[in-house]
Every structure is written in structure tokens, then in C-alpha cells.
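# Structural overview
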Amino acid sequence: MHYGIIGAGLAGLTCAAALKAAGHAVMVIDKGRGPGGRMSARRADTPLGEVRFDHGAQYMSSRDPAFTAQLEAWEAASHVAPWQGRFVEIDENGVAKDAALRARRWVGVPAMNGVIRALAAPLHVHWATRAVAIGGEAGAWTLELEGADAPAGPFERIFLAIPAEQAAPLLAPVCRDFAAVAAACTSAPSWTAMFAFNAPLEMSYDAARIAGGPLGWVARNASKPARSAAETWVAQAAADWSREHLEDDAGTVSQHLERAFRALTGAPKPVHAGVHRWRFAQTEKPAGQAYQFSAELGLGTCGDWHLGGKCEHAFLSGSALAKAALTRPPA
């Protein structure tokens with residue numbers, strides 16, 4: 001069977017890998033320039049040399065045995081490693097307390113996108129490729145690609161592994177029910193700032209969740225395993241602040257977040273500062289089901305937005321969709 005999958009994040013690649021392992025032909029497309037999605041890493045040339053920032057997902061944790069087993073397998077293959085940094089929670093009054101360790105924390109190596117690179121390597125992935133419409137009919141779907149002279153396909157099945165807000169308009173002309181489920185889900189945006197400093201900051205923690213104010217999270221990127229020694233930090237704005245400033249220009253946002261970070265940490269002016277806007281950073285209202293799939297139509301959806309918003313949810317959703325597809329042949 002020939003599958004087309006839109007989205008090469010953790011959910012899409014997990015699904016694609018399972019389908020390929022079962023002997024199916026799978027073509028994956030992604031609008032990003034390379035592996036990562038919301039597990040991306042940003043390279044930057046700075047006075048300290050080239051550095052990398054985990055500017056999307058910060059780490060992975062697991063409560064599900066299947067994902068825990070997968071993380072352990074990735075660790076054995078050197079795709080991930082435990083992050084042993086000190087975590088704190090900072091309240092509205094600026095008081096920090098150690099954060100409870102509910103689960104182990106893993107990070108991709110040498111950057112968060114290490115897992116995505118490993119998953120994508122054996123697959124047929126087309127990067128920098130955007131799907132603008134689904135055409136054809138059940139059993140012979142096609143994908144209209146931005147800038148392409150001809151559609152891709154035909155595919156017997158097409159799966160969407162992209163944020164709900166992007167999936168809904170693609171699904172609407174071909175499956176109103178699936179589109180409605182996606183349209184009912186919502187995601188929070190996030191502006192993310194990246195800073196590099198000449199010398200280590202004298203901080204009592206490596207990562208902090210913050211209540212109140214423009215920042216929601218800060219992390220010493222250099223404290224993660226297999227990173228460079230350069231003093232690099234990531235600061236992610238709170239959802240409400242990001243929503244309020246979503247359409248501000250990047251320079252203005254960078255100045256705001258730099259001021260907030262320096263006020264929080266007492267840091268000097270960074271030697272490098274950059275920002276990235278994530279429009280769909282974190283699931284706020286999930287679908288409440290692991291996936292959508294119709295064997296009759298040959299259509300399906302997966303992604304963290306189905307279950308919650310964590311890397312664990314993306315993996316479980318992609319795995320569940322693949323399992324459903326492999327156990328239900330076409331009508």
C-alpha cells in the first residue's frame with residue numbers, strides 16, 4: 001500500500017516508520033527545511049563561534065511504558081541522553097523552589113532534533129515541501145504541493161501529522177467530520193528567545209518554570225548533555241504574553257524578552273540574541289482521542305494535539321494511528 005504523510009515531526013515519523021517496517025511504501029513531506037519541527041534546534045553564528053539552541057521542545061518525559069521503552073532504546077542508540085540539570089519553579093513573587101521530579105527528563109543529542117534525524121534517515125522524506133490541498137478520491141488521493149508542476153501521488157491513504165489548525169483546512173474539502181474535530185482543538189503560541197553570553201551566569205538553577213510576567217520558561221541550553229560549553233540560554237514567553245504580542249516584529253519582541261530575562265537572572269547584555277515565533281507551540285484544548293482514521297476514505301490524523309501536547313503524546317498518537325491502519329485493510 002502507498003501512504004502519503006504530511007508532517008515529519010515525531011508523530012508523523014513514528015507512524016511512517018511503523019508503516020515502512022510493515023512493508024508499505026511511505027512518502028513523507030514537511031514544510032520545514034530539515035528535521036525537527038517543534039523539536040528543532042537553531043544554529044547561530046556568534047562571537048563565541050557557532051552555537052545551537054533547542055528553541056522548541058525542551059525535553060522529553062514519559063509516564064507511558066511504551067514511550068519509556070522507546071526513550072530507553074533511543075538512549076542505548078545514543079540519540080537521547082538524560083538531562084540532570086537542576087529545575088526550579090519561580091512563583092509570582094520571584095521565589096524559587098526546587099521542582100518535583102515526576103519523571104526522568106531526556107533530551108535529544110547533540111540537539112533536540114537528534115531523535116527526528118534518526119527517525120527520518122531511513123525514510124523517504126521531502127523537506128521544504130508544503131501541501132496546499134488534497135485532491136483525487138478515496139483510494140487514489142493526490143497532494144497538491146506549493147510550487148510543483150504536478151501533484152504527488154496517487155496514494156491509497158493520506159495521513160496528516162501537523163498541528164490541528166493546519167490540518168483542519170486541508171481536511172475540510174475531503175472529510176468534514178475529521179476537519180471539525182481538528183477545528184475544535186486549540187494551541188497556544190510562544191515567542192522563544194535565544195541568548196549567548198561571554199561567560200557563565202552565576203545561577204542556582206539550570207531551568208525554571210515561571211509564574212507571572214512575560215516569561216514562562218528559561219533554560220541553560222549548555223547544561224544539557226553533548227552541548228557546547230558556550231553559555232547559551234533559551235527563554236520562552238508565557239502563552240498569554242505571546243498571544244498578546246503574536247504579530248509584533250521580531251526586533252521588538254527580542255528587546256522585550258531580553259529585558260525580562262536580564263531582570264529575572266541579573267545577566268549582562270548577551271553577545272548574541274535571537275527570537276523565533278511558534279504559532280502552535282502547545283496544545284491547549286486536545287481532541288481527547290489518540291487519532292482519527294477511516295479505512296473507507298483512506299484518511300487519518302495524528303499528532304500531540306490529539307492527546308495533550310507533549311512529545312510523549314505525539315509518539316503515542318503516531319503509533320496508535322499506524323496500528324489502526326495496519327489492522328484495518330481498505331474497504
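It should be noted that the structure appears before, not after, this text.
Computed from a predicted structure; not experimentally measured. (Residues numbered from 1 in each chain as written. Predicted model: local features only at pLDDT ≥ 70, side-chain atom pairs only at ≥ 80, totals over all residues. Heavy atoms only, no water.)

### Some words on the overall build of the chain
Basically, it comes down to this: Secondary structure elements follow DSSP: runs of H or I no shorter than four residues count as helices, runs of E no shorter than two count as strands, and numbering proceeds from the N terminus. Just to be clear, the radius of gyration here is over C-alpha atoms, and the globule rule we use is 2.2 Å times residues to the power 0.38. Working definition: with a 1.4 Å probe on protein chains only, accessible area under 20% of the residue-type maximum means buried, over 50% means exposed, and in between means partly exposed. Whether two residues touch is decided by their heavy atoms; if any such pair falls within 4.5 Å, the residues are in contact. In these tables, accessible area is a Shrake-Rupley quantity obtained with a 1.4 Å probe, and a residue counts as shielded only by the protein chains included in the view. In this count, Lys and Arg are taken as positive residues and Asp and Glu as negative ones, while His and the chain termini are left out. Note on charges: their place is set at NZ of Lys, CZ of Arg, CG of Asp or CD of Glu.
Helices and strands together make up the secondary structure of the chain, namely eight helices and 20 strands. Computed over C-alpha atoms, the radius of gyration of the chain comes to 20 Å, within 12% of the 20 Å expected from 2.2 N^0.38 for 331 residues, which places it in the range of a compact globule. Here the C-alpha coordinates of the chain stretch approximately 60 × 40 × 35 Å along the principal axes. Per-residue burial for the chain yields a buried fraction of 52% across its 331 residues. In the chain, the share of contacts with a sequence separation of at least 24, taken over all contacts with a separation of at least 6, comes to 67%. Total accessible area on the chain is roughly 14500 Å²; 50% of this is exposed by carbon and sulfur atoms. On the chain, the mean spot of the 31 positive side-chain charges and the mean spot of the 31 negative ones are 3 Å from each other.

### Concerning a positive patch on the surface
For the record, the criterion: Each patch is built from residues lacking any salt bridge and having more than 30% relative accessible area; the joining distance is 9 Å for like charges and 5 Å for nonpolar side chains (Val, Leu, Ile, Met, Phe, Trp, Tyr). A side-chain nitrogen of Lys or Arg and a carboxyl oxygen of Asp or Glu constitute a salt bridge if their distance falls within 4 Å.
A surface patch of like charges, here positive, comprises R63, R102, R209 and K310. Here R102 lies in the loop between strand 7 (96–98) and strand 8 (106–108). You can call R102 exposed: its relative accessible area is 61%.

### Notes on the pattern of salt bridges
Side-chain pairs of opposite charge can arise whenever the charged atoms involved come near each other. In total, this model carries 15 salt bridges according to the counting rule given. Residues R86 and D98 are paired through a salt bridge, measuring 2.6 Å at the closest nitrogen-oxygen approach. With R86 in the loop between strand 5 (80–82) and strand 6 (87–90) and D98 in strand 7, this residue pair connects regions lying 12 residues apart in the sequence. In this structure, E284 engages R243 in a salt bridge whose closest nitrogen and oxygen atoms are separated by 2.9 Å.

### Comments concerning the packing of aromatic side chains
Any two aromatic rings considered together are summarised by their centre-to-centre distance and by the angle between their planes. Test applied: Two aromatic rings from Phe, Tyr or Trp, using only the six-membered ring of Trp, form a pair when their centres are within 6.5 Å; if the ring planes differ by under 30 degrees the pair is stacked, by over 60 it is edge-to-face, and anything between is tilted. By definition here, charges over rings are those cases where NZ of Lys or CZ of Arg is within 6 Å of the ring centre and within 35 degrees of the ring normal.
Scanning the entire structure with this criterion turns up 15 aromatic pairs. Summarising the aromatic geometry, the rings of Y59 and W217 are spaced 6.1 Å apart at their centres and angled 40° between planes, so their arrangement reads as tilted. With Y59 in the loop between strand 4 (49–53) and helix 2 (65–76) and W217 in strand 16 (residues 215–220), this residue pair connects regions lying 158 residues apart in the sequence. One Lys or Arg, R105, reaches over the ring of F87 and ends 3.6 Å from the middle of that ring. Of note, K224 hangs over the ring of W83, and the distance from its end group to the ring centre comes to 4.8 Å.

### Let's talk about helix 8 (residues 311–327)
Rules: One fewer than the residue count of a helix, multiplied by 1.5 Å, yields its expected span.
In this model, helix 8 (17 residues) spans 25 Å end to end at C-alpha, consistent with the 24 Å of a helix rising 1.5 Å per residue. Where helix 8 is concerned, the buried positions are C311, E312, H313, A314, F315, S317, G318, L321, A322, A324 and A325. Buried residues along helix 8 sit in contact with strand 1 (2–6), helix 1 (10–21), helix 2, strand 13 (157–160), strand 19 (292–294) and strand 20 (299–301).

### Thoughts on the environment of H79
Following the sequence through the fold, H79 ends up in the loop between helix 2 and strand 5. For H79, a relative accessible area of 26% puts it in the partly exposed group.

### What to know about the packing of helix 4 (residues 164–171) against helix 5 (residues 176–183)
In plain terms, the rule: Convention adopted: a line fitted to C-alpha atoms gives each axis, helices being fitted over their contacting stretch, and angles between N-to-C directions are expressed from 0 to 180 degrees. For classification, angles of less than 35 degrees are called roughly parallel, those exceeding 145 degrees roughly antiparallel, those between 65 and 115 degrees roughly perpendicular, and all remaining angles oblique. Left-handed is the label given to a crossing in which the near helix is rotated counterclockwise from the far helix by less than a right angle, and right-handed is the label when the rotation is clockwise.
Look at helix 4 against helix 5: their axes get within 8 Å of each other, and the N-to-C directions meet at 155°. Considered as vectors, helix 4 and helix 5 are oriented roughly antiparallel to each other. Along this stretch, helix 4 crosses helix 5, giving a crossing that reads as left-handed. Note on element contacts: helix 5 touches helix 4 through R176, F178, A179, A182 and A183, opposite A164, A167, A168 and L171.

### Some thoughts on the side chain of H313
Note on placement: H313 falls in helix 8. Dropping the residues within four chain positions of it, H313 is found in contact with G303, D304, L307 and G308.

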